[in-house]
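Overview (structure and organization)
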Amino acid sequence: MTLTKDLFDTLAQWDTPTICNALELVVPERRGHGFTIQPFTTLRPEMAPIVGLARTARIRAAAPDPRGQRPRDPYYEYIAKADLPTVVVIEDLDPEPGIGAFWGEVNTAIHKGLGARGVVTSGSFRDAPDSAPGFQVMGGKVGPSHAHVHVVDFGGTVSVHGMETSHDDLIHADQHGAVVIPHDAAAKLPEAVDLIAQREAVILAAARAEDFNIDKLKAAMKGAAEIH
């Protein structure tokens, strides 16, 4: 399956719960996993969903890097190597994630400039008013300090709030959480979204009518089920 920026922009029209609903039709075996299951603190809840290829990393902040101070150039080079928009997914390995914030005014500006649309992390973020405009941050918490935050490794598989993510996975995220979209399912989602919308429209129209009752609900549910 060839992924394109246009497809990413199309998928960003719908919120993440809608994408999860569509995935239940397209890849029903994914119904119970592949998405976050713990809440986030979202920098910009009103912002449109972000869609992009995953760039993964793991961090720690509670203590200094035992390897000594290390340059971040290799990590930033990894973030920059992408032909399509990205979403950074970072796992905080500390026993209490979020002691030190990797994300703030500087890193949001850097990552936005390198093509990332946002970050999904179990760690913390800070500098909320000064973070790069249009860059979404979904973190485990907000905190004041970066403490000893450092990148442990990058490019591998990470787990953030119950969602396992590998390099180049397709991520869809908004204020509700995040989900991994299988590449071969991405292009099938718009049709699935349309089908679900048609079915829901029948039920919602009935439920919002002044004469709504249980018999009309049953009829509406039957009518919705007949839409293919």
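To start, this report covers the structure provided alongside it. These figures come from a predicted structure and were not determined experimentally. (Residues numbered from 1 in each chain as written. Predicted model: local features only at pLDDT ≥ 70, side-chain atom pairs only at ≥ 80, totals over all residues. Heavy atoms only, no water.)

Looking at the pattern of salt bridges
Rules: Any carboxyl oxygen of Asp or Glu within 4 Å of a side-chain nitrogen of Lys or Arg constitutes a salt bridge here. Note on conventions: DSSP H or I runs of at least 4 residues are helices, E runs of at least 2 residues are strands, and numbering of each starts at the N terminus.
Here the structure, examined in full by the defined rule, presents nine salt bridges. In this structure, the salt-bridge partner of Asp 168 is Arg 55, at a minimum N-O distance of 2.8 Å. Of this pair, Asp 168 sits in the loop between β11 (163-165) and β12 (170-174) while Arg 55 sits in strand β2 (residues 50-60), placing them 113 residues apart in sequence. Where salt bridges share partners, they join Lys 5, Asp 9 and Arg 117 into one cluster.

Looking at the packing of aromatic side chains
Under the convention used in this document: Any two rings among Phe, Tyr and Trp, with Trp reduced to its six-membered ring, count as a pair given centres within 6.5 Å; such a pair is stacked if its planes are under 30 degrees apart, edge-to-face if over 60, and tilted if neither. Accessible area is worked out with a 1.4 Å probe on protein chains only. A residue is then buried under 20% of its type maximum, exposed over 50%, and partly exposed in between. Criterion for a charge above a ring: Arg CZ or Lys NZ at most 6 Å from the ring centre, at most 35 degrees from the ring normal.
Using the criterion set out here, one finds six aromatic pairs in the structure. Summarising the aromatic geometry, the rings of Tyr 75 and Phe 102 are spaced 5.9 Å apart at their centres and angled 85° between planes, so their arrangement reads as edge-to-face. Linking Tyr 75 in helix α3 (residues 73-80) with Phe 102 in strand β4 (residues 101-103), this pair joins segments that are 27 residues apart in sequence. Consider the rings of Phe 102 and Trp 103, whose centres lie 5.4 Å apart with planes at 80°: the pair is edge-to-face. We note that Phe 102, like Trp 103, is buried. Ring-pair connections join several aromatic residues into one group, and the members of that group are Tyr 75, Tyr 76, Tyr 78, Phe 102, Trp 103, Phe 135 and Phe 154. In this arrangement the basic side chain of Arg 55 is found over the ring face of Tyr 78, its NZ or CZ atom lying 5.7 Å from the centre.

Quick notes on helix α4 (residues 105-113)
The condition is simple: Taken from the helix axis, the directions to the C-beta atoms give the arc we talk about. We call two residues in contact whenever any of their non-hydrogen atoms come within 4.5 Å of each other.
Every buried residue of α4 is listed here: Asn 107, Thr 108 and His 111. Viewed along the axis of α4, the buried residues span an arc of 100°, placing them on a single side of the element. The exposed residues of α4 that point more than 90 degrees off its buried face are Val 106 and Gly 113. Those residues of α4 that are buried lie in contact with α3, β3 (86-92), β4, β5 (116-121) and β7 (136-139). Where α4 ends, the next residue or the one after it, Gly 115, has phi of about 105°, a positive value.

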